[in-house]
Amino acid sequence: MKIAIFATCIVDAMYPKVALATVRILERLGHDVVFPAGQGCCSQMHVNSGYIDEALPVVRNHVEAFTAVDYDVAVAPSGSCVASLGHQQPMVARKCGDEGLARQAEEVAGRTYELSELLVDVLGVTDAEKQLGSYFPHRITYHPSCHGLRLLGLGDRPTTLLSSVEDLELVELPDAQECCGFGGTFSFKNPDVSGAMVDAKIKNIESTGTGLCAGGDSSCQLHMNGAARRRGSEVRTVHLAEILASTRANPLELDQIADLSIPRVHATITPSSAAGPGGAQAASSAGGAR
Amino acid sequence: MTVVDLGMPGTRIAYGSGNLYEETPFPEHARSELGNQQMRANIGHATHTIRAKRGRVVGELPDWQDLRDAGSAIKQEVGARLPELLEQFEANVTARGGIVHWARNAAEANRIVTDLVRAKGVDEIIKVKSMATQEIGLNEHLEGQGIKSHETDLAELIVQLGDDKPSHILVPAIHKNRDEIREIFSRRMPGTGKTLTNEPAVLAEAARTYLREKFLDTTVAVSGANFGIAESGTLTVVESEGNGRMCLTLPKTLITVMGIEKLLPRFADLEVFTQLLPRSSTGERMNPYTSMWTGVAEGDGPEEFHLVLLDNGRSAVLGDPDGRSALHCIRCSACLNVCPVYEHAGGHAYGSTYPGPIGAILSPQLTGVAAEQNNSLPYASSLCGRCYEVCPVKIDIPSILVHLRDEDVRTKHGERDDAAAQQRSTVSAAREAEAAATGAQPEPAEHPDRVKKSRVPSEMDVLMKGAGVVMSSGKRMALAEKALPLGRGALKPFGGAKWLPGMVGGWTQERDIPVPPSQSFRNWWRKHGEETEQRVARDLGSTALAPSGPGEAPSSSLAGHIEEHAGWGAEAQAVIRARAGQSSGGESTKSSDATSTGEEQA
């Protein structure tokens, strides 16, 4: 199957390793991944701030980018951005009087899946260890971000996948359904309330004794991580895609989580593309990681 | 605001006035409330308790989602037929001996009630708990006229005796604990003194003794109404304590103030709402007291019944197709009890009579969002969506919040000048009228700090404009992301950023900014996108690294699995087709799923 990846602006610019992890999972299942070059943002930041007119070109750009290339389905490693495509983009187009764009936006949204939704519903993955080779020998907890939970109705898809990862122990998060307090521009327009909300979230994560919280939305994680650091908490977050992409041969190490860059092993020239020294180095580091 | 012609040519939109304003912007008000640890502990405990109770009783109804749909449909019908239903209602109330009064706004309603009380020659009234009379500030108004009103609902009484303001629709004293209540009672209730303990039963008994005298001595009562039945002229009050029933039956004169949106077309519609309301509000299967009365009946209950039908901005809300479903609200407060913003900031932070998520959409709509007193309320939400999930009449609060933010931005950009001027003059007029009635100095209509400065683009405008330009083009994104290494270089020595200037300083007030990555995914992919084989080999380990020809599967056991699943085409394609087909039908699968399965997630 040909799968278009919608990286989302925040993952593209701040968490490129999450987009890469998504690609690795899909390629491992034998799919062709394409990256529509014109893609930008889903428009959620503008819409949620009330800037509907300014959101229109962002919506149009997304629709054009995801109609210009050929693919079977699209995927994004973010429940919030996928929800925005279906719930907000047609609304923006209609408010601005562009019914044609609204219909196109609905068509693109209908073909775009959140990662766990795509894996479970379309690709039939329910056992990450057996079907993806996922390996992550750590205790973690999981925060279901609001839009994946309530707008997409992801339900237990993410936790089904996580709990089937080899050697992973999933601990239930108290008050898991509470918002972390991010909320886009809410986070800086109402910093005190947002801060109180993330305090509660961090305390709940700490109470699980895991110190590591998985999730499906990098924006919430940027907020939770930053707040944990500010409060001197040891709590860290990790994206679901990174855990699923982690294998015995190429495991995600805990000390790699804080660095947002694409891991060196993926950034250097690879073994079979060239017989040069870079290739040898990458091969040995992959072996070494094992 | 988009205004729909309601068939009343030349009618000026009447915006609401009264206790609907947030005098201090929400973020500032919330900041001071967050410092009140006792209040936060009380509210946190109370909301979690009610939330759990609600979850249990809602969970036992297999047709809960159908009930929500029915409730929403009935309320939609009320909005669509409002003028006709109001006339029918008036005719039926009148036919049964009631007297109907119409009030465009708070000042008119207050004047009507005052005149009615005066005509009876009394200077004391008793009250049933009522949001409408809180909204119009009736107690304060009457006090200015020398008429003392006694709240009879226990929580309202606590708030009134404590010279406080309600902080919750259903549980107005939710921010007080029993020690604080004991203190208020012993200070304000004659005869309680130092013997009063903080036992709930003791406190309730003290209130009962205090109130009994009022019930027996007072001849005029004022109530609100939960529902008004158009086809019969029947009014309904639902409550838990029975104090409401005392007020509705003992006094000689009953005056009911009811918002015009509280109508139901048919008596049978009560079947739906008497299931939705108690389960959503108190977490009870059935509320203890449901009082219904139709006009007056000789020898049974009040001899005189007056009904004041209150607009106070409701017609203006009805005129906005994107916001009007806020009028569906049945004041259950389920949205307050699940809202994390309400839980932390508390009800007083919203300023208005209506706190929480519903208040954040209702108050600014009743007054008009251009009335600057209320333009920070639509932003008082992280849009987490829990309010919509629990709303018994399916008000899509997050979408209306976004709509009101849009209206606020358009107002600030000068696209709503006419409405804004009218809304501001409503504020001034209401204040002058109130000041004239109470003999006080009118407050300035505009908080000096909040008067619009100019049409110079705000920081937010600049941020949104700039981001819009970059984010609407892959090429411009790629170019902007070339700056990532600069940011990384600058921040790496410090392990991230701890301070940013201006508006976005709100981010660094609470959170660090991490060291950015060395390059964006987009720019990385341009060089490495084609390296699929290497990526798979690296992830699957050395067995997969064995030389293999193009198109041959890697030789690990996992590779075997992949090979096995290579033929998934048919099944997956069916799933995709099904969803794409549904989404092109106008309503996306996801949104219908979300509404139908929303509750199961709770």
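Residues numbered from 1 in each chain as written. Chains lettered and ligands numbered in written order. Predicted model: local features only at pLDDT ≥ 70, side-chain atom pairs only at ≥ 80, totals over all residues. Heavy atoms only, no water.

Where an unreviewed UniProt entry is consulted, chain B appears under the name Iron-sulfur cluster-binding protein, with the organism given as Kocuria coralli.

Going by the annotation in an unreviewed UniProt entry, the name recorded for chain A is (Fe-S)-binding protein, with Kocuria coralli given as the source organism.

Looking now at the interface of chain A and chain B. In this complex, chain A contributes 109 residues to the contact, which on the side of chain B involves 99 residues. Both sides of the chain A and chain B interface together cover about 9000 Å² of buried area, and 57% of this is carbon and sulfur. Taken together, the connections running from chain A to chain B amount to 15 salt bridges. Across the pair Asp539 of chain B and Arg28 of chain A runs a salt bridge whose closest N-O atoms are separated by 2.9 Å. At the boundary of chain A and chain B, one finds 42 residue pairs in polar contact (both at pLDDT 80 or more). Per-element tally for the side of chain A that touches chain B: the top contributor is helix 13 (residues 191-207) of chain A, with eight residues. Along the lines of polarity and charge, the residues of the side of chain A that touches chain B split into 50 nonpolar, 35 polar and 24 charged. (Contact = heavy atoms within 4.5 Å. Buried area = accessible area lost by both parts, 1.4 Å probe. Salt bridge = Lys/Arg side-chain N within 4 Å of Asp/Glu carboxyl O. Polar contact = N/O pair within 3.5 Å; in protein donor to acceptor, adjacent residues only side chain to side chain. Helix = DSSP H or I, 4+ residues; strand = E, 2+ residues; numbered from the N terminus. Nonpolar A, V, L, I, M, F, W, Y, C, P; charged D, E, K, R; others polar.)

With that settled, consider the pattern of salt bridges. Counting across every chain of the model gives 52 salt bridges over all chains. With its nearest N and O atoms 2.9 Å apart, the salt bridge here joins Asp539 of chain B to Arg24 of chain A. Of this pair, Asp539 of chain B sits in helix 25 (residues 532-540) while Arg24 of chain A sits in helix 2 (residues 16-28), placing the two residues on different chains. Both residues of the pair, Asp539 of chain B and Arg24 of chain A, count as buried. One salt bridge connects Arg229 of chain A with Asp512 of chain B, and the closest N-O pair in it is separated by 3.6 Å. With Arg229 of chain A in helix 14 (residues 218-230) and Asp512 of chain B in the loop between helix 23 (505-510) and helix 24 (521-528), the pair connects residues from two separate chains. Overall, the relative accessible area of 41% leaves Arg229 of chain A in the partly exposed class. A relative accessible area of 3% means that Asp512 of chain B is categorised as buried. (Buried < 20%, exposed > 50% of the residue type's maximum accessible area, 1.4 Å probe, protein only.)

Here the focus is the sheet that holds strand 5 (residues 227-229) of chain B. All names here are of chain B. Read from one edge of the open sheet, four strands run 8-5-6-9, paired in mixed fashion. With one partner strand each, in any of the chains shown, strand 8 (263-264) and strand 9 (289-294) form the two edges of the open sheet. Of the pairings in the sheet, the one linking strand 5 to strand 6 (residues 234-239) comprises three bridges and is antiparallel in character. Within strand 6, the residue paired with Phe227 across the bridge is Thr236. Contacts between helix 12 (residues 270-281) and the sheet are confined to strand 5, strand 6, strand 8 and strand 9, with strand 5 contributing the most and set at about 170 degrees to the helix. (Pairing = 2+ DSSP bridges. Axes fitted to C-alpha atoms, helices over the stretch in contact; angles between N-to-C directions.)

What follows is about the environment of Met258 of chain B. Residue and element names in this part refer to chain B. By secondary structure assignment, the location of Met258 is in strand 7 (residues 253-259). Residue class for Met258 comes out buried when judged on its relative accessible area of 0%. Counting along the chain gives 52 residues from Met258 to Leu310, while the straight-line C-alpha distance between them is 5.9 Å.

Every α-helix winds through 3.6 residues per turn, so residues three or four apart in the chain are directed the same way. Between the first and last C-alpha of helix 14 of chain A there are 18 Å, a value that for 13 residues agrees with the 18 Å anticipated at 1.5 Å per step. With respect to burial, helix 14 of chain A is a largely interior element, 11 of its 13 residues being buried. Of the residues making up helix 14 of chain A, those classed as buried are Ser218, Ser219, Cys220, Gln221, Leu222, His223, Met224, Asn225, Gly226, Ala227 and Ala228 of chain A. For helix 14 of chain A, the elements touching its buried residues are helix 1 (9-14), helix 2, helix 13, strand 7 (212-215) and strand 8 (236-239) of chain A together with helix 23 of chain B. (Expected span 1.5 Å × (residues − 1).)

Right, let's talk about the sheet that holds strand 3 (residues 73-76) of chain A for a bit. Residues and elements named next belong to chain A. Strand order in the open sheet formed by four strands is 2-1-3-4, with parallel pairing between adjacent strands. At either end of the open sheet lies a strand with only one pairing partner, and these are strand 2 (32-34) and strand 4 (112-114). Taken pair by pair, the neighbouring strands of this sheet meet at an average axis angle of 35 degrees, ignoring direction. Pairing between strand 1 (residues 2-5) and strand 2: three bridges, direction parallel. Within strand 2, the position partnered with Lys2 by the bridge is Asp32. The strands that helix 8 (residues 115-122) touches are strand 1, strand 3 and strand 4; relative to strand 4, the one it contacts most, it runs at about 100 degrees.

Core analysis: the largest hydrophobic core is formed by 136 residues, its most contacted members being Phe26 and Phe185 of chain B. No other element matches helix 4 (residues 52-68) of chain A, which puts seven residues into this core. Core analysis: the next-biggest nonpolar cluster, separate from the first, contains 75 residues, Ile5, Met14 and Ile25 of chain A together with Phe521 of chain B among them. (Core = buried A, V, L, I, M, F, W, Y, C linked by side-chain atoms within 4.5 Å.)

Moving on: the side chain of Arg279 of chain B. Residues and elements named next belong to chain B. Inspection of the secondary structure puts Arg279 in helix 12. By relative accessible area, Arg279 is classed as buried at 9%. Engagement of the side chain of Arg279 in a polar contact is seen with the backbone oxygen of Val57, the distance being 2.9 Å. Only 3.1 Å separates the side chain of Arg279 from the side chain of Glu60, close enough to count as a polar contact. Excluding residues that lie within four positions of it along the chain, Arg279 makes contacts with Arg54, Val57, Val58, Glu60, Leu61, Trp64, Glu284 and Arg285.

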